[in-house]
Amino acid sequence: MDLKKTFSAVQYASRKLLALNDEKINQILLAVADAAEERTEFILAENRKDLERMDISNPKYDRLKLTAERLKGIAGDIRKVAKLPSPIGRVQKQGVMPNGLKIKRISVPFGVIGIIYEARPNVSFDVFSLCFKSGNACILKGGSDADYSNLAIISVIHDVLKRFEVDLHIVELLPADREATAELLHANGYVDLIIPRGSSNLINFVRQNATIPVIETGAGICHTFFDRYGDVKKGAAIVNNAKTRRVSVCNALDCLLVDGDRMKDLPALCAPLQESNVIIYADPFAYASLQGHYPAELLKEATEEDFGTEFLDYKMAVKIVEGIDSAIAHIQQYGSKHSECIVTEDKGHADWFCREVDAACVYVNAPTSFTDGAQFGLGAEIGISTQKLHARGPMALEEITTYKWIIEGEGQVRK
């Protein structure tokens, strides 16, 4: 497979994209949002073709599934992106040097961004809206599980771009095969940045094989620590929401840690989970505390593998720890630096947890389910970065720009 012509066309389109003003960009984004709703039946019909090929018990099924309500939400996120100020051309620093040179640093697009993702067709809309708003062309490499859905979504976007006489190559969907992935990972000179979204296996593969820069959007192994000063009512609601709101997403709760002094409150903390038939993998102390208070068929003895697992299902590990230091040590060992939470009424412990826990997002008395670009007021997101270089946490408009220096002189020469 030789995709160099495609990559070259996208690169050329990215340069032409710089000529579009923000007003035109916003008009197009609003038109895409309208089209997403107007073409709902078509998109859902294609999505059903993908769903028919996947076992409904597969954790990816929920991520793959589109509904009229989800498309309405996607359209709403696109409209929010359109309303945000442009991240391009902002003066970040400026000054005049002693020799009279005027120097300023301004924000600019990366150019061409490649996104590799699995059974998440919503990503096609999210990535297009954020890249387009920030002046980037994008190359999408979706998984075969969502191919019908992705093709439908890109066709809807392309129809809008045709209407506005914009180069269709500003958003390109590659074939859903491994050869295309290999080509994209080695598109040196054409693609400026790769962002993988998906399982830890996908992310590791991209990181190990790409020859162009990569920003990792890591797997989410999320913890909630119920501190000795925690409020049970708050804790039960936070744990239930973080675990059951949507189990297939990276911000879902995977492990509950409970201070040993509050072990008696564990049944109350886990009680709401019964309604969703959440299977609990408990360490010996937690198992003893829950036995007789949680359905026997949903209570299992934990193994070492259960800690550090991203379940993406109605499953959760529970461990009793000896205070806040032990909780932080457990998170350091098993966490993925995504999102971590403490439930406590003690400000000192809250500050301690926030200072010591190494994660992109750290919560106090709020569930990790809030880790989302839209919830953070960013409109949408390309992914949640768990690394520390360039971007961390929800990646939206600002995070997919870089900068350049502009230097103006009047004939000065360096001595």
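Residues numbered from 1 in each chain as written. Predicted model: local features only at pLDDT ≥ 70, side-chain atom pairs only at ≥ 80, totals over all residues. Heavy atoms only, no water.

1. Points about the sheet that holds strand β4 (residues 137-141)
For the record, the criterion: Two strands form a pair only when DSSP identifies at least two bridges running between them. The helix count covers DSSP runs of H or I at least four residues long, the strand count covers runs of E at least two residues long, and both are numbered beginning at the N terminus. Axis definition: a line fitted to C-alpha atoms, over the contacting stretch in the case of helices. Angles run 0 to 180 degrees between N-to-C directions.
One open sheet holds the 4 strands; their spatial order is β5-β4-β3-β6, and the pairing between them is parallel. What marks the edges here is a single partner per strand, and that holds for β5 (171-173) and β6 (193-197). Across this sheet, the average inter-strand angle for adjacent strands is 20°, counted without regard to direction.

2. Remarks on the layout of surface pockets
Quick note on the threshold: In this analysis, the protein atoms alone were mapped onto a 1 Å grid. Cavities are point sets where a 1.4 Å probe fits without being able to get out; pockets are open sets with protein on both sides within 12 Å along at least five of seven lines; lining residues have an atom within 4 Å of a point. Grid points are joined across faces, edges and corners, and a volume is the space filled by probe spheres set on the points. Residue polarity is assigned by list, with Asp, Glu, Lys and Arg as charged and Ala, Val, Leu, Ile, Met, Phe, Trp, Tyr, Cys and Pro as nonpolar; anything else, Gly included, falls into the polar class. Domain ranges listed in this record stem from an automatic or a database domain assignment.
Considered as a void within the structure, the largest pocket measures approximately 880 Å³ in volume. Lining the largest pocket are 29 residues, and of these D77, N122, R245, R246 and D372 lie nearest its centre. When contributions to the lining of the largest pocket are tallied by element, the ones reaching two or more residues are α5 (68-83) and α6 (122-133). It is α5 that contributes the most residues to the lining of the largest pocket, 6 residues altogether. Grouping the constituent residues of the lining of the largest pocket by class yields 7 nonpolar, 9 polar and 13 charged. Residue-level mapping places the lining of the largest pocket at the junction of two domains, with at least three residues from each of domain 1 (3-216 + 389-408) and domain 2 (222-375). Taken as a whole, the second largest pocket holds about 450 Å³ of empty space. Lining the second largest pocket we find 18 residues, and of these K141, G143, R178, T181 and L202 sit closest to its centre. At the level of elements, β3 (112-117), α8 (178-185) and α9 (200-209) are the ones that each hand at least two residues to the lining of the second largest pocket. In terms of residue class, the lining of the second largest pocket is made up of 7 nonpolar, 5 polar and 6 charged.

3. As for the sheet that holds strand β16 (residues 401-408)
As summarised here, the arrangement of the 3 strands in space is β1-β2-β16, forming an open sheet in which the pairing is antiparallel. Of all strands in the sheet, those bounded by a partner on one side alone are β1 (91-96) and β16. Between one strand axis and the next, the sheet turns through 20° on average, direction left out of account. Relative to strand β2 (residues 102-109), β1 runs antiparallel, the two sharing 5 bridges.

4. Details of the packing of aromatic side chains
What counts here: Each pair of aromatic rings taken from Phe, Tyr and Trp, with Trp reduced to its six-membered ring, is defined by centres within 6.5 Å and is described as stacked if the planes are under 30 degrees apart, edge-to-face if over 60, and tilted in the remaining cases. Only protein chains enter the accessibility calculation, which uses a 1.4 Å probe. A residue is then buried if its area is under 20% of the maximum for its type, exposed if over 50%, and partly exposed in between. Comment: the charge-over-ring label is applied if NZ (Lys) or CZ (Arg) is within 6 Å of the ring centre and within 35 degrees of the ring normal.
Taken as a whole and judged by the stated rule, the model has 6 aromatic pairs. Centroid distance Y281 to F311: 5.7 Å. Interplanar angle 5°. Geometry classified as stacked. Of this pair, Y281 sits in strand β9 (residues 279-282) while F311 is found in the loop between β10 (299-301) and β11 (315-321), placing the two residues 30 residues apart along the sequence. Like Y281, the residue F311 is buried in the burial classification. Over the ring of F307 we find K319; its NZ or CZ atom is 5.5 Å from the centre of that ring.

5. Here's the deal with the pattern of salt bridges
For clarity, the cut-off: For this analysis, a salt bridge means a side-chain nitrogen from Lys or Arg found within 4 Å of a carboxyl oxygen belonging to Asp or Glu.
Enumeration over the complete set of coordinates arrives at 21 salt bridges. Between E46 and K49 there is a salt bridge, with its nearest N and O atoms 3.1 Å apart. Taken together, the residues span about one helical turn, with E46 and K49 both in helix α3 (residues 40-52) at a distance of 3 residues. Salt bridges sharing partners connect three or more residues here, namely K337, D358, K388 and R392.

6. Structural notes on the domain arrangement of the chain
Put simply, the rule reads: Whether two residues are in contact is decided by their heavy atoms, any of which lying within 4.5 Å being enough. Buried area: the accessible surface (1.4 Å probe) lost by two parts on joining, summed over both.
The domain boundaries assigned to the chain delineate domain 1 (3-216 + 389-408) and domain 2 (222-375). Just the C-alpha atoms count here: the centres of domain 1 and domain 2 sit 33 Å apart. With 8 residues of domain 1 in contact, the opposing surface of domain 2 contributes 13 residues. The junction of domain 1 with domain 2 conceals about 890 Å² of combined surface from both sides, 48% of it contributed by carbon and sulfur atoms. Linking domain 1 with domain 2 are 2 salt bridges. Of all the secondary-structure elements, those providing two or more residues to the side of domain 1 that touches domain 2 are α4 (60-64), α5 and β15 (393-395). Looking at the side of domain 1 that touches domain 2, its residues break down into 2 nonpolar, 1 polar and 5 charged.

7. Focus on the nonpolar core
Put simply, the rule is: Take the buried Ala, Val, Leu, Ile, Met, Phe, Trp, Tyr and Cys residues and link them wherever side-chain atoms come within 4.5 Å; each set so joined is a nonpolar core.
Among the nonpolar cores identified, the biggest contains 52 residues, and I115, F125, F128, L140, I157, V171 and I195 are the most heavily contacted of them. Residue contacts for V171: discarding those within four places in its chain leaves F128, C138, L140, I154, I157, H158 and L161. F226, A242, V278 and V343 belong to the second largest nonpolar core, which has 27 residues in total.

8. Things to note about the packing of helix α2 (residues 22-38) against α6
We apply this condition: We call two directions roughly parallel when the angle between them is under 35 degrees, roughly antiparallel when it is over 145, roughly perpendicular when it lies between 65 and 115, and oblique otherwise. Left-handed is the label given to a crossing in which the near helix is rotated counterclockwise from the far helix by less than a right angle, and right-handed is the label when the rotation is clockwise.
Close contact between α2 and α6 brings their axes to 10 Å; oriented N to C, the two are set at 170°. On the basis of their axis angle, the class for α2 and α6 is roughly antiparallel. Here α2 and α6 pass one another in a crossing that is left-handed. In this structure, α2 contributes D22, I25, N26, I28, L29, V32 and A36 to the contact, and α6 contributes F125, F128, S129, F132 and K133. Considered class by class, the residues forming the contact of α2 with α6 number 8 nonpolar, 2 polar and 2 charged.

9. Quick look at unusual backbone geometry
Its identity is not glycine, yet L312 carries a phi of approximately 50°, on the positive side. You can see L312 is positioned in the loop between β10 and β11. The backbone of H390 sits at a positive phi, close to 75°, despite the residue not being glycine. Secondary-structure assignment places H390 in the loop between β14 (383-385) and β15. Among the residues examined, H390 registers a relative accessible area of 45% and is labelled partly exposed.

10. Thoughts on a nonpolar patch on the surface
Note the cut-off: Patch definition: residues with relative accessible area over 30% and no salt bridge; like charges joined within 9 Å; nonpolar side chains (Val, Leu, Ile, Met, Phe, Trp, Tyr) joined within 5 Å. Areas reported as accessible are Shrake-Rupley estimates using a 1.4 Å probe. Residue values count occlusion only from the protein chains shown.
Taken together, the side chains of Y403, W405 and I407 present a nonpolar region at the surface, about 330 Å² in accessible area. Counting through the fold element by element, W405 comes out in strand β16.

11. Things to note about the pairing of strand β8 (residues 253-259)
Summarising burial for β8: 7 of the 7 residues are buried, a large majority. With 5 bridges joining them, strand β7 (residues 222-226) and β8 adopt parallel strand pairing. Bridge pairing in β8 places H223 opposite C255. When β8 meets β11, the two strands line up parallel, connected through 5 bridges. The residue bridging C255 from the neighbouring strand is A317, located in β11.

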